[in-house]
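Remarks on the overall topology
Here are the chains, one letter per residue:
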Amino acid sequence: MTEWLVDAHQHNGPWPFPGRFGDVEMNLHYLKRDGIRAAVISSTEGIVSNMTRGNARLGAAIAGHPELYAYVVVNPTHLAASCAEMDEYYDNPQFVAAKIHPAYAKTPLSSPNMAPLIAEIAKRGRPALIHTWGAGEVRALANLAQRWPQWKVLMAHGGGDAWREAIEVAQQTPNIYLEFCCSAVERGKVERAIAALGPERVLFGTDATLFDTMYMLSLYREANLSPAESRLVMGENALRLFGLRLP
Amino acid sequence: MQITDIDTHFGVDPGSDLDLSLGNLVSILRHHGIRQALTHALSGIQFDHATGNDDTWAACQAHPELFPIATVDPRRFVGMEAEIARRAEQGFVGYRFYPQRQGWAVDGQLCRRLLQAVAQTGKPAIISVAGAGDPTRLLRAAEGLELPLVLSGTSYGTVGEALAVLQEAPNFHLQMHMVALPFQVEEMAAVGAARLLFGSLTPAHYTRPTWAMIEASELSDADKALILGGNARRIFNLPDPEAHP
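Residues numbered from 1 in each chain as written. Chains lettered and ligands numbered in written order. Predicted model: local features only at pLDDT ≥ 70, side-chain atom pairs only at ≥ 80, totals over all residues.

1. Some words on the overall build of chain A
Along chain A, the regular secondary structure elements total 10 helices and 8 strands. A compact globule built from 247 residues would reach a C-alpha radius of gyration of about 18 Å, and chain A, at 16 Å, matches this within 12%. Across its three principal directions, the C-alpha atoms of chain A cover 45 × 40 × 35 Å. Each of the 247 residues in chain A was classed as buried or not, and the buried ones make up 55%. At a minimum sequence separation of 6, the contacts of chain A that also span at least 24 residues come to 75%. (Helix = DSSP H or I, 4+ residues; strand = E, 2+ residues; numbered from the N terminus. Rg over C-alpha atoms; globule rule 2.2 N^0.38 Å. Buried ≥ 20, exposed ≤ 12 C-beta atoms within 10 Å, placed from the backbone. Contact = placed C-beta atoms within 7 Å.)

2. As for the pairing of strand β2 (residues 36-41) of chain B
Residue and element names in this part refer to chain B. The buried fraction of β2 amounts to 6 of the 6 residues, a majority that puts the element mostly inside the structure. Side chains Gln36, Leu38 and His40 project from β2 onto one buried face, and the interleaved Ala37, Thr39 and Ala41 project onto a second face that is buried too. Sheet analysis places strand β1 (residues 4-10) next to β2, joined by 5 bridges and oriented parallel. Looking at β2, one finds that aspartate 5 is bridged to alanine 37. Crossover β1 to β2 through helix α1 (residues 22-31) is right-handed. Here 3 bridges tie β2 to strand β3 (residues 66-70), and the two strands are oriented parallel to one another. Bridging from a neighbouring strand, alanine 37 pairs with leucine 66 of β3. (Pairing = 2+ DSSP bridges. Right-handed = clockwise from strand over helix to strand, strands pointing away.)

3. Quick look at the confidence of the model for chain B
The predicted model of chain B averages 97 in pLDDT, with 99% of residues at 70 or higher. Reported for the predicted complex are a pTM of 0.95 and an ipTM of 0.93. (pLDDT = per-residue confidence, 0-100.)

4. Comments concerning the interface of chain A and chain B
Counting residues at the interface gives 20 residues for chain A and 24 residues for chain B. Top contributing element to the side of chain A that touches chain B by residue count: helix α9 (residues 213-222) of chain A, with 5 residues. Tallied by class, residues from the side of chain A that touches chain B come to 10 nonpolar, 5 polar and 5 charged. (Nonpolar A, V, L, I, M, F, W, Y, C, P; charged D, E, K, R; others polar.)

5. Details of the packing of helix α4 (residues 80-90) of chain B against helix α6 (residues 109-121) of chain B
Residues and elements named next belong to chain B. The interhelical angle for the contact between α4 and α6, taken along N-to-C directions, is 25°, at an axis separation of 9 Å. Taken together, the axes of α4 and α6 lie roughly parallel to each other. In the crossing of α4 with α6, the sense of the turn from one axis to the other is right-handed. Counted together, Met80, Glu81, Ile84, Ala85 and Ala88 of α4 and Arg113, Leu114, Ala117, Val118, Gln120 and Thr121 of α6 form the full contact between these two elements. For the contact of α4 with α6, a count of residues per class yields 7 nonpolar, 2 polar and 2 charged. (Axes fitted to C-alpha atoms, helices over the stretch in contact; angles between N-to-C directions. Parallel < 35°, antiparallel > 145°, perpendicular 65-115°, else oblique. Left-handed = near helix turned anticlockwise from the far one by under 90°.)

6. Topic: helix α8 (residues 189-197) of chain A
All names here are of chain A. Every buried residue of α8 is accounted for by Lys189, Val190, Ala193 and Ile194. Take α8 and look down its axis: the buried residues cluster within an arc of 130°, on one side only. On its buried side, α8 packs onto β6 (153-159), α7 (163-172), β7 (176-179), β8 (202-203), α9 and α10 (227-242). Glycine 198, located one to two residues past α8, shows a positive phi value of around 85°. (Arc of directions from axis to C-beta.)

Given below as structure tokens:
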């Protein structure tokens, strides 16, 4: 296993499920316990409730922790406010990309309201992590990625139950990257993605702190990557995609 | 620690291109050092339960580390209670039911009749309760029946309801699969480690994620041993794997 573990998909904040959730100390705990050198986090509050307050609280929480990076949560329902959020937080070197959760925003990726937000993200030259679940959303994200071919997008959850379709569209869309955090752990998705795309466009993500990092780490380890694949997938791809610097 | 996996399967799924063959199942279990697993043929779920139960029996005869779980599709109705009784007499260690996948209701009379028939055998049953409200509906369907039931298929969004049901019904147990939340193992064990059983859905799913979460939890080694195998051996009356090479 590589020493360059970088987690491309983390959150910060509580969830309404029977686990124990915490603030940034929990992200830091997982980094230390599992040897994860850096993580890119989005605010749970920003996704499920208040985008502005969530981004602000996350920015304050990760200050002084150079191993923690952040996504600016943006929302197609609030385009002008999303642009303002990006313009504010992209001056902070810890905020490296945008995060969209279409389901909470009640805006499918195929919605005409989504493209203007993608245009704004692409214009700023930053990648995005986009929650993607189901074949329809996978295809819609591919359409957006093909419309802005210079923009790089990380498809969160690898399309969920449509991971096969996600791999197919990524084969045709070189600016799509995949990560596979998901509670449903159908065998073979990581191995097949690497076989189809090469190891350069598959990333390690855990969904912590919704999930314990151990859960997805165990899946990626069971996928039995070669040392060269592991070095890229488990760390270096995220460094390159987001321009991260390890402390 | 001796691992017993209560939820494995083999065969062909028309909606999956994964290798779900019996050979691959056995290979994966051996790779992970799992010396006991309950299993059933997919043909029994998707095609015909009698054919599937025959397939399961043959597989377990060929591989002594596998223990047969029978399945019945109650939509067939005719002969379903006889099939349940016949498989108990044959030596199946329990039953596995798929209401959501097969399209029958947990709170319907078919389910009630199924559970009554299983109760007559004295064997346990594993039943999928994936949807919100399903654990509660099963609690009502099993009212007055003493059979051991293992709830399966809960996700992080429905496991809270399953735990509430376990607090009501001492004969209910919970399969540990898709256990991903921080400290979820510890929160589930609040109902008693003796009521939790590890089942991986191998070979369709990766084997290790929930297993690793149990190992890494703050539970005692004794409680981990119960969840990872001891409870399964007690509830399904399996031999000690040390005495079953």
